[in-house]
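Overview (structure and organization)
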Amino acid sequence: MKKYATALLLFGSVFAYSQQEIQFTQFMHNRMYYNPGATGAAGSICITGVHRSQWVGFDNAPTTQNLNAEVPLEMLHGGVGLNLTNDQIGFFNDINVGLSYAYQMPLANGTLGLGAQVDFRNKSVTNGEWITPDGGNSGPAIPQTGSSSFGIDANFGVYFQSTELWAGVSSTRLLETNADLDGSEGGITSFKGKRTYILSGGYNYPLNNTDIVLQPALLVKTDFAASPSMDIHLGATYNNKIWGGVSYRLQDAVAIMAGYYIMPDLRLSYSYDLTTSALRSASSGSHEIMLNYCFKIPFILSTTASYKYLSFVSSYTLYYFCSNNLVIIFLHFLKCN
């Protein structure tokens, strides 16, 4: 009973006082999630998928899935992105769809991105049984099972990237949109979005005469109400194929992680958080797995004998590419002579 009472109090503190932004241990490999200014900075089409199971051992412990994709578009001088997130914690389920754009410009020896994201957020109450202090299961301030609320919010971020350095600052929930849920006795339970500021960065430091690159990184989140969350990470990559590292999250967890490039453009990684807070007595830690794929689509015209002579016609809006009797449609017209 003491364990369950402690867990209830701790979960209550999570709902009432903690920051609202989702925690990912492998933040250094999922930069667009925290900062829309990073959209398109990689210069490749990148797709990232993450699954996180937090505080394993608790009933209804948080589980989170994130799928995001970014596409650089030279015609827009930057990139566009899509961010899909599903977050389940206790009886609550939060689904977020984010659409982002970042303007990328040259700066020093790298690029500077200015990005914005529009979030479409839905908060709902799944099946669950509430228990009040007097033993009841309903009340005007207790969300009704099945109720939901939809809202729109926005994020903004500035992001810099060079060969050695990456750094950014961003703000989420700029509009601080409320999520109003129906109470079980006709009342309204309101969850106010809290603006959160995020600072992140990292550095690539090659070790002389080795195939090892040290990669320290930092993530700080604060809403200036709860205590700041800080992740300090030290990782390394060997031969551009294998990487590993350790992280410390202030007053929360120590994490170990490792990953492998299955192919030059496909990376699989895993992290395990060992809880150091009071939750460690009832939790076996947190697990996170990530898959990331980046690729480019080259528009290269072959000059081999099998291809016919090609000439551009500026009056067309699309081009055709002809190879014998095969016609492949690209983004512009090519006239075949």
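Up top is the structure these notes are about.
In what follows, the accompanying structure is described. None of the values given here were measured: they were computed from a predicted structure.

Okay, the overall build of the protein next. If you tally the helices and strands in the protein, you get two helices and 20 strands. Counting across all 337 residues of the protein, residues that qualify as buried make up 42%. Taking the intrachain contacts of the protein between residues at least 6 apart in sequence as the baseline, contacts between residues at least 24 apart amount to 51%.

This brings us to the pairing of strand E5 (residues 110–125). It is a general feature of regular strands that their side chains alternate between the two faces of the sheet. Inspection of the sheet shows strand E4 (residues 92–107) paired to E5 by 16 bridges, in the antiparallel sense. The residue of E5 that forms the bridge with Gly98 is Asp119. Between E4 and E5, which pair antiparallel and follow one another directly, the connecting turn spans two residues, one of which, Ala108, has a positive phi of 55 degrees. Relative to strand E6 (residues 148–161), E5 runs antiparallel, the two sharing 14 bridges. Paired with Arg121 across the two strands is Gly151, which belongs to E6.

Turning next to the nonpolar core. Among the nonpolar cores identified, the biggest contains 18 residues, and Phe24, Phe27, Met28, Tyr34 and Trp166 are the most heavily contacted of them. Elements supplying a minimum of two residues to this core: helix H2 (31–34), strand E12 (212–222) and strand E15 (253–263). Residues contacting Trp166, with those up to four places away along its chain left out, are Phe27, Met28, Arg31, Tyr159, Phe160, Gln161, Ser200, Gly201, Gly202, Tyr203 and Ala217.

This next bit is on the state of the cysteines. Counted according to the given criterion, the structure contains one disulfide. The disulfide partner of Cys46 is Cys294, and the S-S distance across this bridge is 2.1 Å. Looking along the S-S bond of the Cys46-Cys294 disulfide, the torsion reads about 115 degrees, which is the right-handed sense. Of the two residues, Cys46 is situated in strand E1 (residues 45–53) and Cys294 in strand E17 (residues 286–295); the sequence distance between them amounts to 248 residues. Of the two residues examined, Cys46 and Cys294, each falls in the buried class.

About the criteria used
- Residues numbered from 1 in each chain as written.
- Predicted model: local features only at pLDDT ≥ 70, side-chain atom pairs only at ≥ 80, totals over all residues.
- Heavy atoms only, no water.
- Helix = DSSP H or I, 4+ residues; strand = E, 2+ residues; numbered from the N terminus.
- Buried < 20%, exposed > 50% of the residue type's maximum accessible area, 1.4 Å probe, protein only.
- Contact = heavy atoms within 4.5 Å.
- Pairing = 2+ DSSP bridges.
- Core = buried A, V, L, I, M, F, W, Y, C linked by side-chain atoms within 4.5 Å.
- Disulfide = S-S within 2.5 Å.

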